[in-house]
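Chain by chain, the residues run as shown.
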Amino acid sequence: MLLKFIVFFQQINVEEKIKNAPDKGYEIGVMIGTYLPFVLLVILAYFMYHKAKNRKDFDD
């Protein structure tokens, strides 16, 4: 139930927003707002991977 609720709110029609954009600035803002969370999650995942890989308390 909770997953369906989250998926419902994550369905954003970017093409529709760009088509109805009042100017280019809004269009650029929509694109940045769409891809920025994904990019930040990728950077966070890489940082966590890198920190875990370089831990000194593992016996490899």
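Residues numbered from 1 in each chain as written. Predicted model: local features only at pLDDT ≥ 70, side-chain atom pairs only at ≥ 80, totals over all residues. Heavy atoms only, no water.

**Student:** Could you give an account of the overall build of the protein chain, with specific residues and numbers?
**Tutor:** For the protein chain, the count of helices and strands is three helices and zero strands. For the protein chain, the sequential pattern of α-helices and β-strands runs α-α-α. Counting only residues that meet the buried cut, the protein chain has 5% of its 60 residues in that class. By element, 68% of the accessible surface of the protein chain is carried by carbon and sulfur atoms, the whole surface being about 6000 Å². (Helix = DSSP H or I, 4+ residues; strand = E, 2+ residues; numbered from the N terminus. Buried < 20%, exposed > 50% of the residue type's maximum accessible area, 1.4 Å probe, protein only. Areas by Shrake-Rupley, 256 points an atom, 1.4 Å probe, with all protein chains shown as cover.)

**Student:** Explain the confidence of the model for the protein chain residue by residue, including any values.
**Tutor:** Considering every residue of the protein chain, the mean pLDDT works out to 80; 80% of them sit at 70 or more. At the level of individual helices and strands, the protein chain shows its lowest average pLDDT in helix 1 (residues 2-10), which scores 68, and its highest in helix 3 (residues 24-53), which scores 88. (pLDDT = per-residue confidence, 0-100.)

**Student:** Which residues make up helix 3, and what are the values?
**Tutor:** Taking 1.5 Å per residue as the helical rise, helix 3 with its 30 residues ought to reach 44 Å, and the 43 Å between its terminal C-alpha atoms agrees with that figure. If you look at helix 3, its biggest bend is around 30 degrees, right at Y35, and the proline P37 turns up within four residues after that. (Expected span 1.5 Å × (residues − 1). Bend = angle between axes of the 7 residues up to and from the residue.)

**Student:** Could you give an account of the environment of V14, naming the residues involved and the relevant values?
**Tutor:** With respect to the element layout, V14 can be found in helix 2 (residues 14-19). With a relative accessible area of 15%, V14 lands in the buried category. Sequence spacing of V14 and T34 is 20 residues, and the spatial spacing of their C-alpha atoms is 7.8 Å. Among residues more than four places away in sequence, those in contact with V14 are V30, M31 and T34. (Contact = heavy atoms within 4.5 Å.)

**Student:** Account for a nonpolar patch on the surface, with residues named and values stated.
**Tutor:** On the surface, I28, I32, Y35, L36, F38, V39, L40, V42 and I43 cluster together to form a nonpolar patch covering roughly 900 Å² of accessible area. Structurally, L40 is set in helix 3. Given a relative accessible area of 49%, L40 falls into the partly exposed group. (Patch = residues over 30% accessible without salt bridge, like charges linked within 9 Å, V, L, I, M, F, W, Y side chains within 5 Å. Salt bridge = Lys/Arg side-chain N within 4 Å of Asp/Glu carboxyl O.)

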